[in-house]
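A closer look at the structure
Letter by letter, the chains look like this.
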Amino acid sequence: MTTHRLSAYLAPRRRLRLASLLTAPVLWLGLVYVVALAALLVTAFWTVNELTGQVQIEWTTENVVEVLTEALYRTVTLRTLGIALLVTVVDIIVAVPVAFFMAKVASARLRHLLVIAVLAPLWASYLVKVYAWRALLSSDGLIEWAVSPFGGSTPGYGIVGIVLTLSYLWLPYVIMPIYAGFDRVPDRLLEASADLGAKGWRTLVSVVLPTIWPAIIAGSIFAFSLSLGDYITTRIVGGSTQMIGTLVYTNVGAANNLPLAAAISLIPIGIILVYLAAVRRTGALRSL
Amino acid sequence: MESAIRLRGLHKSFGDTIAVADLDLDIEPGEFFSMLGPSGSGKTTVLRIIAGFEQPTRGTVSLFGTDVTSLPPFTRPVNTVFQDYALFPHLSVIANVEYGLRVAGVGRKERRAQAEEALGAVRLAGLEDRRPHELSGGQRQRVALARAIVLRPQALLLDEPLGALDLKLREQMQVELKELQRSLGITFVFVTHDQDEALTLSDRVAVFDAGEVVQLGTPREVYDHPRNRFIASFVGSSTLLEPDVAAALGLARTPMAVRPERVTLAESGPGVPGTIAEVIYTGPEHRIVVDLDGLDARITALEPNIGAHHRRERGDRVMVTIEPAAAAPLEPEAA
């Protein structure tokens, strides 16, 4: 009876219903996400007491200026950017044909199996997967064993190792939106294109790619932004390679300079904002 | 004269289901040809085989004397208007219409001029820069038509093109399609499940059932002389008369189909007596169901609506007559 009375009370009060539904999650999101991000921004303008190593609320632009002017940060930023772009391109090159096969060629049964196969690695621990690659890339690993008879050798730990490992890690995130994109291209459109005289490649360029372009961009957002912030992979398979993530890690840990770490972490945030602003025009954000 | 489209021994099966069963068909140049049938009767499959989207299991397709059975769609001199229009969503109206010309390498100016002309022919000038999602169903339909006719195909294939439109628009588009076909002078192959549409538009109609053409003829032949029960009930409505009933009405003692508008009711005079079981008012006419005395049979008659003062009531006694020429003898059913 009381639940009945409660729903009778709430039924005409739309705002109250919405408020009771959303208050808790909005507070949570506000605290955990927005406040943490704001704290990061603010911390970048604080200093560290050189004697005690404690963070002091003493306003300075020193950290940000250092990050923007030091050659080290420019080099590492460019390297990180290059690696992230390379990972994105590799993932797209691998994902497009796989997604096409899943959406347009495979039987319904095979398609389900492939979706499971693509998603299954996401259940495995990130760390285990990266260590698996460390083993693969090592000088007595599987890659060395496979290519040495042909005179090749493993790329070892370094930029190539990072690109390979990150491409592997983020591939599911790129395949899935592109697969969904292909799935949304009606077969009728391909037939219409053929009917109007276009051969296969022409249909691909003029009909398929423009239609799935937003999906490709959506996939690239994942590969690009996840690569940009990564530091674990870099430390495990990157040898001595420094990326933005490892710099942040060093400053938080060994150097105990939280404000500088915060200032460095503004770099990938800035890059991602520019990237998102650029892809917003393509309509990709709607296909996420 | 060479047939526009000639199908010989055309057979298509999907696994165990036979979609098209050993079909022979000749469609003439300049003809408005309809393929009429319920869904799953194989008519759309035949259209898709002509267009080249499906390969027949066996048999041949010839277009204007050339065997095209193994040719891909993009080399065939026919174009298709799809049921759901299949407009390219990322292209504007004019770019959709220009698509085929662009693929064929026609220059920009020439392309634009031809596309504008095609849009004019389907009365869609002024919407060149819209995207398909900004158009109404009827407008999309016209873009799909323009996109197909701009390539001046020797035959236009239309797959239930009016199926998604509401009744008013459909009737208007029927008239325009007919006019378009006349002015272009090319073959139209029109797939529909709407018997009204097929009868109104076509020079000839092929009635499909279970992958076969069960009757082929002019609309008048198909409507006035349905060959069997399926056609009599699928194309328009008919009363099927058992041999005894047909004989009692003065017709041959054989299964017959009679159209309700050819059944005459009178208060007195010759004929078979009966009692009116139901009077249904449909606006332009009354549909009257009569129980025939002592025959355990019902017959439906249509009478025009000529005013409220002249009408029949349930329970009225009437005499039923049918002119011998108005009834169509049916072929015995294959058991």
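Residue indices begin from 1 for each chain and proceed along its sequence in written order. Lettering for chains starts from A, numbering for ligands starts from 1, and both go in the order in which the items are written. It should be noted that, the model being predicted, local features are given only for residues of pLDDT at least 70 and side-chain atom pairs only at 80 or more, the latter also being counted only at that level, while totals for whole chains, interfaces and linings use all residues.

1. Here we look at the sheet that holds strand 1 (residues 5–14) of chain B
All names here are of chain B. We apply this condition: Strand pairing is defined by DSSP finding a minimum of two bridges between the two strands. Secondary structure counts use DSSP, requiring at least four H or I residues in a row for a helix and at least two E residues in a row for a strand, with both numbered from the N terminus.
Taken together, the four strands give an open sheet; going across it, the order is 2-1-4-5, and neighbouring strands pair in antiparallel fashion. Of all the strands in the sheet, the pair left with one neighbour each is strand 2 (17–27) and strand 5 (66–67). Inspection of the sheet shows strand 1 paired to strand 2 by seven bridges, in the antiparallel sense. Counterpart to Ile-5 in the pairing with strand 2 is Ile-27.

2. Thoughts on the sheet that holds strand 13 (residues 263–266) of chain B
Residues and elements named next belong to chain B. What counts here: For helices, the fitted axis covers only the stretch in contact; all axes are lines through C-alpha atoms, and the angles between them, taken along N-to-C directions, range from 0 to 180 degrees.
In space, the five strands of this open sheet follow the order 13-17-14-15-16, with antiparallel pairing throughout. Strands with a single pairing partner mark the edges of an open sheet, and in this sheet they are strand 13 and strand 16 (297–304). Neighbour to neighbour, the strand axes of the sheet diverge by 45° on average, direction disregarded. Pairing analysis gives four bridges linking strand 14 (residues 272–281) to strand 17 (residues 317–322), with the strands arranged antiparallel. The partner of Val-272 across the bridge, within strand 17, is Val-320.

3. What to know about the interface of chain B and chain A
Rule in force here: The contact rule is simple: place each C-beta atom from the backbone, and if two of them lie within 7 Å, those residues are in contact. Three classes are used, and their members are as follows: Ala, Val, Leu, Ile, Met, Phe, Trp, Tyr, Cys and Pro are nonpolar, Asp, Glu, Lys and Arg are charged, and the others, Gly among them, are polar.
Counting residues at the interface gives 19 residues for chain B, matched by 15 residues for chain A. At the level of secondary structure, the elements contributing two or more residues to the side of chain B that touches chain A comprise strand 6 (78–81) and helix 2 (93–103) of chain B. For the side of chain B that touches chain A, the leading source of residues is helix 2 of chain B, giving three residues. For the side of chain B that touches chain A, the residue count by class is 13 nonpolar, four polar and two charged.

4. Some remarks on the domain arrangement of chain B
Residues and elements named next belong to chain B. How we decide: Where a domain begins and ends is set by an automatic assignment or by a domain database.
Each domain of chain B was delimited in the assignment, giving domain 1 (5–233) and domain 2 (237–329). The C-alpha centroid of domain 2 is placed 39 Å from the C-alpha centroid of domain 1. Contacts between the two partners involve six residues from domain 1, matched on the other side by four residues from domain 2. Residue contributions to the side of domain 1 that touches domain 2 peak at three residues, all from helix 8 (residues 229–234). Taken together, the residues of the side of domain 1 that touches domain 2 break down into two nonpolar, two polar and two charged.

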